[in-house]
Amino acid sequence: MELNLILGISVIGLLFAFYLMRDVLKRDTGTPQMREISDAIKAGAEAFLRRQNRTILYLATALAALIYILYAFVRAHNEHDPASASDLALWTTLSFVLGAACSVAAGYMGMWVAIRANIRTAAGATKDLNSALQPALRGGAVSGFFVVAMSLLGVAGLFSVVKFMGVTSDVTKIPLLIVGYGFGASFVALFAQLGGGIYTKAADVGADLVGKVEAGIPEDDPRNPAVIADLVGDNVGDCAGRGADLFESTAAENIGAMILAAALYRANAAVFESQSLTLIGVLLFPLVARAFGILASIVGILVVKTNDKEDPMNALNRGYYVTSALAMVGFYVASRWLLGPEYYFNFFLCGIIGVVTSIAFVLITQYYTEYKYRPVRSIAEASQTGPATNIIAGIAIGMESTGYPVLVIATAIISAYFLGLHSGLAHAGLFGTAVATMGMLGTAAYILAMDTFGPITDNAGGIVEMSQQPDAIRERTDRLDSVGNTTKALTKGYAVGSAALAAFLLFSAYIDEIKIYMPTFEGVINLNKPEVFVGAMFGAVLVFLFSSMAIKAVGRAAYSIINNVRDQFKANPGIMLGTSKPDYGQCVDIATKAALKEMVMPGLLVVGMPIVVGLVFKWLFYATGQPATGASGAEVVGGLLMVGTIVGILMALFLNNGGGAWDNAKKYIETGAFGGKRSDPHKAAVVGDTVGDPFKDTAGPSLHVLIKLLSTITLVLAPLFL
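Below is a short write-up of the structure.

About the criteria used
- Residues numbered from 1 in each chain as written.
- Predicted model: local features only at pLDDT ≥ 70, side-chain atom pairs only at ≥ 80, totals over all residues.
- Heavy atoms only, no water.
- Helix = DSSP H or I, 4+ residues; strand = E, 2+ residues; numbered from the N terminus.
- Buried < 20%, exposed > 50% of the residue type's maximum accessible area, 1.4 Å probe, protein only.
- Polar contact = N/O pair within 3.5 Å; in protein donor to acceptor, adjacent residues only side chain to side chain.
- Contact = heavy atoms within 4.5 Å.
- Phe/Tyr/Trp six-rings, centres within 6.5 Å; stacked < 30°, edge-to-face > 60°.
- Lys NZ or Arg CZ within 6 Å of the ring centre and 35° of its normal.
- Core = buried A, V, L, I, M, F, W, Y, C linked by side-chain atoms within 4.5 Å.
- Expected span 1.5 Å × (residues − 1).
- Arc of directions from axis to C-beta.
- Patch = residues over 30% accessible without salt bridge, like charges linked within 9 Å, V, L, I, M, F, W, Y side chains within 5 Å.
- Areas by Shrake-Rupley, 256 points an atom, 1.4 Å probe, with all protein chains shown as cover.
- Salt bridge = Lys/Arg side-chain N within 4 Å of Asp/Glu carboxyl O.

## Section: the side chain of Thr592
Phase 1: Position of Thr592 relative to the elements: it lies in helix 20 (residues 584-598).
Phase 2: Residue Thr592 is classed as buried on the basis of its relative accessible area, which comes to 3%.
Phase 3: Among the polar contacts made by the side chain of Thr592, one reaches the main-chain carbonyl oxygen of Val588 at a distance of 2.8 Å.
Phase 4: Residues within four places of Thr592 in sequence aside, it is in contact with Phe48, Arg51 and Tyr199.

Here's what the structure looks like:
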């Protein structure tokens, strides 16, 4: 029954996504001039994604072959394996391929609708604010529901197939056979987020520095040769990249929670049987709770309406709070049903902690990135004395912004752990933290809708300005674009928070997995051992090296675009006079080639480091005769995973919030503060925003994926390190 419910609600989520898609596509597409601009954005985005997915396909195929070879031919069979060596190799590889394929599909679907919703949003703005807001949010919601429903369908479907085929006689070990699904999703998401982030920020930096600062023209002025590349970048980075990012989040966390649920059942089998609770019910509890989140998000999307007088952010918040409240109700139903009337309540409270944690992250991020509040205004104020003081203030605010989120994460983990520990079930503390993670992800479909809302409204504003619509229409799209900037920042905060809880969940699942394969392992990662300490340092430096490579990649790509824009202005003076059009295609092509080239090495570094560290220290452990004070490869990788995760969370918070604060400090000045547009403080703020661009849209979001990719790759390859 539980499987049927999960699959049924997932199908409902997909059907609702298609309903929203139909609702968006039947709306007005505006004037011929609007459609011409929209078509150029559409062509550029689809061309980039085709080329990016081809590159990812080659890399994923090579990695799938490597996984199969390592499991089938290199690794010796272990008596504690969940299946035979050939079955373990086959199902790990198949689940990896399926996860990768679904991640590509989720990212593509989100972008496909977004590049068609932008023109409908622009056309809606010619009528009233609500006619623009609804297609933007509903276009974004298509991505949200597609991502969450596909994640549940993939995990539940794989579980059903493996169970039906009888690959293993122990149902609790099925999650170990399908962990590759999360790894495949994470692998694709890293390249999708990284490639899209390099593209969008290279174009944005080029457009801003030459267009705004040097030429003194507005952001979306049709005279700027990089403007189409900039608008394309919003879609390939924020839509396709974030869609793949949240898909891998939900997929990996679903499987990690199932591994901990299996451990909970093994520790309490007699208790559950006495309460007439089934193994399948306990195993699938995380998926059932997530499925109810889909129903909550459907209601949340449908209640969003606004008018020309209301702040659009209030309408979006209203939908979010409705979704959160209904997600809590869903958690109550799922926990009471599947965990029994005697033990459910503490786990229900764990789910509430997850939902409240997500709200707390949204509010903290709002405080640090909206120009209503002190942090952003302090950066704008510092801009009065030039770019240097703007950058100093921005870095300081980014560092400061890590404090409150860490307190929230700490409170959530500790409180959920102790609630689980005192639930009446044995060894339930870690499962409590898993339930909190599920609670935080209960609103994921609505959150992703808010995220994709941002690039859709940004594109709509560009279409309105480039097609030279009246000021009243541009004012409506500006209001939505301002809200979209906020929602993009909020969802990044949410993504980091969910990554933090998920990382602890997946780390716990990794420890449980090692215990299954090596029962002598005590479940302790001892940093007092030299090998583990060294592995931990590798984890920390990986975050810094990856961030450096991602930021430098944007700088190199932006350099080429800046030179191209300058050359076009110099070679064709008619561009600035408005008598001739720039060649937009040149910048689109430059950004595409640069992003595809630059994304490969950082991605391979993340995938390669834990594999190399695990295999090298495994060899060292056995070469030295397995000393009692030594550490196996799996333990060293545990140290890498633990410290890499902690440093990655802090770095992602710093980069995301610092970059978002710089962006909105510029927008605050553009409202007229400190001299307004084209003033010296504005030029200083544009420089700060340019520094923050690769922080918040390339390195920061890519670190969300890195955190979970480290967890999923170690889950998949843990047996190779023993």
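## Observations regarding the side chain of Thr443
Phase 1: For Thr443, the position within the fold is in the loop between helix 15 (429-440) and helix 16 (444-466).
Phase 2: With relative accessibility at 1%, the residue Thr443 sits in the buried group.

## Observations regarding the packing of aromatic side chains
Phase 1: Summed over the entire model, instances satisfying the criterion amount to 26 aromatic pairs.
Phase 2: Through a chain of ring-to-ring contacts, the aromatic side chains of Phe96, Phe183, Phe187 and Phe191 assemble into a single cluster.
Phase 3: Over the ring of Trp112 we find Arg116; its NZ or CZ atom is 3.9 Å from the centre of that ring.

## A look at unusual backbone geometry
Phase 1: The phi angle at His427 is positive, at roughly 50°, despite the residue not being glycine.
Phase 2: Looking at the element boundaries, His427 is found in the loop between helix 14 (403-421) and helix 15.
Phase 3: Phi at Gln468 is positive, roughly 55°, even though this residue is not glycine.
Phase 4: Exposure remark for Gln468: the relative accessible area of 63% places this residue in the exposed category.

## Quick look at the nonpolar core
Phase 1: If you look at the biggest cluster of nonpolar residues, it comprises 265 residues, and the most contacted ones within it are Phe145, Tyr199, Ile228, Phe247, Ile301, Phe431 and Tyr510.
Phase 2: When neighbours within four sequence positions are excluded, Ile228 is seen to be in contact with Ile37, Ala40, Ile41, Met466, Tyr584 and Val588.

## Some thoughts on helix 4 (residues 129-165)
Phase 1: With 37 residues, helix 4 extends 54 Å between its outermost C-alpha atoms, agreeing within 8% with the 54 Å of an ideal straight helix rising 1.5 Å per residue.
Phase 2: Regarding helix 4, its N-cap is Asp128, as a side-chain oxygen of that residue lies 3.2 Å from the backbone nitrogen of Asn130 further along.
Phase 3: One or two residues past the end of helix 4 sits Gly166, with phi positive at roughly 65°.

## Re the environment of Gly403
Phase 1: Relative to the assigned elements, Gly403 resides in helix 14.
Phase 2: On the accessibility criterion, Gly403 (34% relative accessible area) is partly exposed.
Phase 3: For Gly403 and Lys515, which are 112 residues apart along the polypeptide, the C-alpha to C-alpha distance reads 34 Å.

## Brief notes about helix 12 (residues 374-382)
Phase 1: Of the residues making up helix 12, those classed as buried are Pro375, Val376, Ile379, Ala380 and Ala382. Projection of helix 12 onto a plane perpendicular to its axis shows the buried side chains occupying an angular sector of 165°, all on one side.

## Considerations on a nonpolar patch on the surface
Phase 1: On the surface, Tyr68, Ile69, Phe73, Val74, Leu90 and Leu94 cluster together into a nonpolar patch covering about 570 Å² of accessible area.
Phase 2: For the nonpolar patch, the elements supplying multiple residues, two or more each, are helix 2 (32-74) and helix 3 (85-124).
Phase 3: Tallying contributions element by element places helix 2 first for the nonpolar patch, with four residues.
Phase 4: By secondary structure assignment, the location of Val74 is in helix 2.
Phase 5: Overall, the relative accessible area of 57% leaves Val74 in the exposed class.

Without other data, these values stay purely geometric and don't point to any function.
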